[in-house]
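Here are the chains, one letter per residue:
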Amino acid sequence: MRFPQTFIDDLRRQADIVRIVQDYVSLKKKGANWMACCPFHKEKTASFSVSPAKDIFYCFGCQKGGSVFNFVMEMERVTFPDAIKIVAEKTGVPLPKLVDDSRFESSKRESDQVIELNQWALQWWEDQLNSNFGKAAREYLKARAITEEAIKTFRLGFAPDSWEMLSAHLLQKGATQEQLEKSGLVVKKDEGGSYDRFRGRLMFPVIDAQGRPIAFGGRTLEPEGEPKYLNSPETSAYTKGRHLFGLNLTRDEIRRAGFAILVEGYLDLIVPYQFGVRNVVASLGTALTPEQVKLVARFARKVVVNYDGDRAGVQAAKRAIETILADDIEVKVLVLPDNADPDDFIRKYGVSEYQRRRGEAQPHIQFVIDQAVRDRNLHSPADKAAAIEETLPFVRAVRSRIQKREYFDIAMDALRVQVDQRRELWQRIRSGASTDAATVQELVKRSPASRPTVAEEKLLALVLANEELRKIILPRLEEGDYADLATAQIFRALVKLDQEESEISFDSLSEATTDDPQASELLARLMMDEPAESFDDSLAQADSCLNALHLMKLDRRIEEMASEIAEADRAGDEERRDRLAMEKLELSKRRGSFLHQARANEGINQN
């Protein structure tokens, strides 16, 4: 079920990005573009720009940029299909019919039947909690300080310790045996028939955004009962990893607060909620999924992870952090003392102390560093390499280039990594190369620049803005001129598209550089640049940038040879050392001649 790609492409062309953005922010005309204070971060001076000619937006402050669909997704906190619907409505373009089939209709009917059975089961379990069967469950809830109001709000229930009581009730209500088996409320027996899945358990319903029970979690009341928590299997109404417990009740408060507190278990959410902490969601006791993160992202772009402080909780928190960062969400981590979970901590120390500690939650990178250096000696090369290896994935996962670099520097400072090692590690992160323990221990010597230089950005901006100039400059570029640059993927895509005589646009370049998460943002910014007033000026500027790239290539090789000379000297290989020293001297002479000639050419061009 999706919109045809041809429709999406046509809608992108038809949509007036300026008019749509103006529904959210006040734009002012400035040259060929429109400017405003950015809606994605606080600022006093306008740095948010919209280009109607190029159908893109870009903020020079926070580096967000992209198409009209990207803008609506960010503002409305919606998925791509929903953004298409919103843009189509604002543009006055009717939506095409989605491709449908009988399987979809059949699945929908089955889903509705499952939800109906779930509703019957939930009502029955709620009644059982207040019956003689539910006495032990009520005592358990009282011992955990769960109030009557919270019990009603979260619709808690109790499944009696019986093999068929629920089944008999549902059959009496009109369910068929086939529907029971498809609902996940029973377990099918090999020899035929079934038995109730949940028995002798406190029941927690998972409610969707429409207020419908789609699944359940059941907690055993027996001290040695296994498993401690039993969850519904996947059904036509429920897919694991696509829902969050409590979100139906807490989403408005999450939106108002601007951040969500992510916990693991049902009671970890219910106890804070009843004490007034209501911007909380629970990940249903399983590993956090990208789909669950996208649910949270509709309401807030900041998350505080508050899992248990034991070893299992720490590992779960680290997995959650990587998943959250992949969606470009700010992450902090709250670790409570004595490995306490939120439920235990609040009942013991009170909600005020919990909120105080929540306000002091660590940035995710500090949490990761603390875990990485625990029980390790940074004076030991092996331990240091292991700590770096453990930390770097949480730097890689950050999408914002500025934040990625900031977190990288924090980690490198904390782990006492030398400047030359930092340079190599940063480039590896940017390029997606390996940073495992073996690689970290044997850092390669080549150290290309980790940030795009002025020259490469300017050259890209020039050739992107002028097709005639592009035809002159690109054939003069060699792979070695840009292979080690931060913008290598963009240059490579430009050359390839030009050779294929394909369209060169924001969309085509973004599609060709999907491996580089910063490419789209950089492209949006560069394509905002105004071209030089004359072609001659543009050509002169491009020549100057090309010279700078050639010079940087020479400088990189000279630095590489300096490392090779030092290595040969340490190894006592005098012959190789002397040979490399002579080659380095020749390269330095070439560099001097090249620099002199480039300056002379610039003087001629200026005259």
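The preceding data block contains the structure.
Residues numbered from 1 in each chain as written. Predicted model: local features only at pLDDT ≥ 70, side-chain atom pairs only at ≥ 80, totals over all residues. Heavy atoms only, no water.

> Could you clarify how one ought to interpret the sheet that holds strand β16 (residues 362-363) in this entry?
Across a sheet, paired strands are connected by hydrogen bonds in the backbone, their directions being either parallel or antiparallel. Sheet architecture is open: five strands sit in the order β13-β12-β14-β15-β16, paired in mixed fashion. Of all the strands in the sheet, just β13 (280-282) and β16 have a single pairing partner and so form its edges. Bridge count between strand β12 (residues 260-263) and strand β14 (residues 302-305): three bridges; the pairing is parallel. Bridged to Leu-262 within β14 is Val-305. Sitting on the sheet, helix α10 (residues 247-257) touches β12 and β13, and the angle it makes with β13 is about 145°. Running at roughly 165° to β13, helix α11 (residues 266-274) makes contact with β12 and β13 of the sheet. (Pairing = 2+ DSSP bridges. Helix = DSSP H or I, 4+ residues; strand = E, 2+ residues; numbered from the N terminus. Contact = heavy atoms within 4.5 Å. Axes fitted to C-alpha atoms, helices over the stretch in contact; angles between N-to-C directions.)

> How should the state of the cysteines be read in this particular structure?
The bond known as a disulfide is covalent and runs between the sulfur atoms of two cysteines. As enumerated under the stated definition, the model contains zero disulfides in all. Left unpaired, Cys-38 is separated from the closest cysteine sulfur, that of Cys-59, by 3.5 Å. Judged by its relative accessible area of 6%, Cys-38 falls in the buried class. (Disulfide = S-S within 2.5 Å. Buried < 20%, exposed > 50% of the residue type's maximum accessible area, 1.4 Å probe, protein only.)

> What exactly am I supposed to notice about the nonpolar core here?
Where a protein is soluble and globular, its nonpolar side chains tend to be buried together. In this structure, Leu-262 and Ile-324 are the most contacted members of the largest nonpolar core, which totals 50 residues. Considering each element in turn, this core owes the most residues, seven residues, to helix α13 (residues 311-325). In contact with Ile-324, other than residues within four places in its own chain, are Leu-262, Leu-288, Val-293, Val-303, Val-305, Ile-329 and Val-331. Counting 41 residues, the second-largest nonpolar core is a separate cluster that includes Ala-215, Phe-259, Tyr-266 and Leu-334. (Core = buried A, V, L, I, M, F, W, Y, C linked by side-chain atoms within 4.5 Å.)

> When you look at the environment of Lys-228 in this model, what are you seeing that I'm missing?
Here Lys-228 is to be found in the loop between β10 (213-220) and β11 (229-231). According to the relative accessible area criterion, Lys-228 is partly exposed, its value standing at 45%. Along the sequence, Lys-228 and Ile-270 sit 42 residues apart, while their C-alpha atoms lie 18 Å from each other. Setting aside chain neighbours within four positions, we find Lys-228 in contact with Arg-201, Gly-218, Arg-219 and Thr-220.

Taken by themselves, the reported measurements are silent on function.
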